[in-house]
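What follows is each chain in one-letter form.
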Amino acid sequence: MLHDPAQLDLMFQALADPARRQMVDRLSRGPASVSQLAEPLAMSLSAVVQHLNVLEASGLVRTEKLGRVRTCRIEPQALRAAEHWINERRLAWERRLDRLGDFLAETKDEP
């Protein structure tokens, strides 16, 4: 998953929506039913389910239905993949900025 650009696109698209980020935030504290996820959101239950479908398609959330209750869980490995991708870019930019700082410090003393 880590090197699959399409999967990363799905994850970042899923996280682009504030309601879905709120759901992921809630699920980071533990599993929750669809009703529990819907409670703080100002939208219909069917809209919440559509948002969950996007999160599931992105790989960030997994759901399972036991009886009449659909329980949702975060997929930590998917979050780690996104975090790893972000960290790779952050480290590359830090190195570039460090080199720029070194260059500017060296040329500062030149006439």
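The model shown is predicted, which means the values in this text are computed figures rather than measured ones. Counting restarts for each chain, with residues numbered from 1 along the sequence as it is written. Owing to the predicted nature of the model, reporting of local features is limited to residues with pLDDT of at least 70; listing and counting of side-chain atom pairs is limited to 80 or more, with chain, interface and lining totals taken over all residues. Computation of side-chain values: all heavy atoms of the structure, hydrogens and water removed.

**Examining the sheet that holds strand S1 (residues 32-33)**
Right, so step 1: Read from one edge of the open sheet, 3 strands run S1-S3-S2, paired in antiparallel fashion. Only two strands of the sheet have a single neighbouring strand rather than two, namely S1 and strand S2 (61-66).
Right, so step 2: Working rule for contacts: check all heavy atoms of both residues, and any pair within 4.5 Å makes them a contact. Angles shown run from 0 to 180 degrees and are taken between the N-to-C directions of axes, each axis being a line fitted to C-alpha atoms and, for helices, limited to the stretch in contact. In this description a helix means any DSSP run of H or I spanning at least four residues, a strand means any run of E spanning at least two, and both kinds are numbered starting from the N terminus. Packing against the sheet, helix H2 (residues 18-27) makes contact with S1, S2 and strand S3 (69-74), and its axis sits at approximately 85° to S3.
Right, so step 3: Its contacts with the sheet place helix H4 (residues 45-58) against S2 and S3, and it is angled at close to 120° to S2. Pairing between two strands requires that DSSP report at least two bridges joining them.

**Notes on the packing of aromatic side chains**
Right, so step 1: Classification of ring pairs uses Phe, Tyr and Trp, with its six-membered ring standing for Trp, and accepts pairs whose centres are within 6.5 Å; under 30 degrees between planes counts as stacked, over 60 as edge-to-face, and the remaining range as tilted. Using the criterion set out here, one finds 1 aromatic pair in the structure.
Right, so step 2: We call a charge positioned over a ring when the NZ of a Lys or the CZ of an Arg lies within 6 Å of the ring centre and within 35 degrees of the ring normal. Against the face of Trp93 rests Arg96, its NZ or CZ located 4.8 Å from the ring centre.

**Thoughts on the pattern of salt bridges**
Right, so step 1: When a carboxyl oxygen of Asp or Glu lies within 4 Å of a side-chain nitrogen of Lys or Arg, that pair is called a salt bridge. Across all of its chains, the model carries 6 salt bridges by this definition.
Right, so step 2: For the salt bridge of Arg62 with Glu75, the shortest nitrogen-to-oxygen distance reads 2.6 Å. Separated by 13 residues along the polypeptide, Arg62 in strand S2 and Glu75 in the loop between S3 and helix H5 (76-108) bring together distant segments of the chain.
Right, so step 3: In this structure, the salt-bridge partner of Arg73 is Glu64, at a minimum N-O distance of 3.0 Å.

Worth remembering: the numbers are spatial, not functional.
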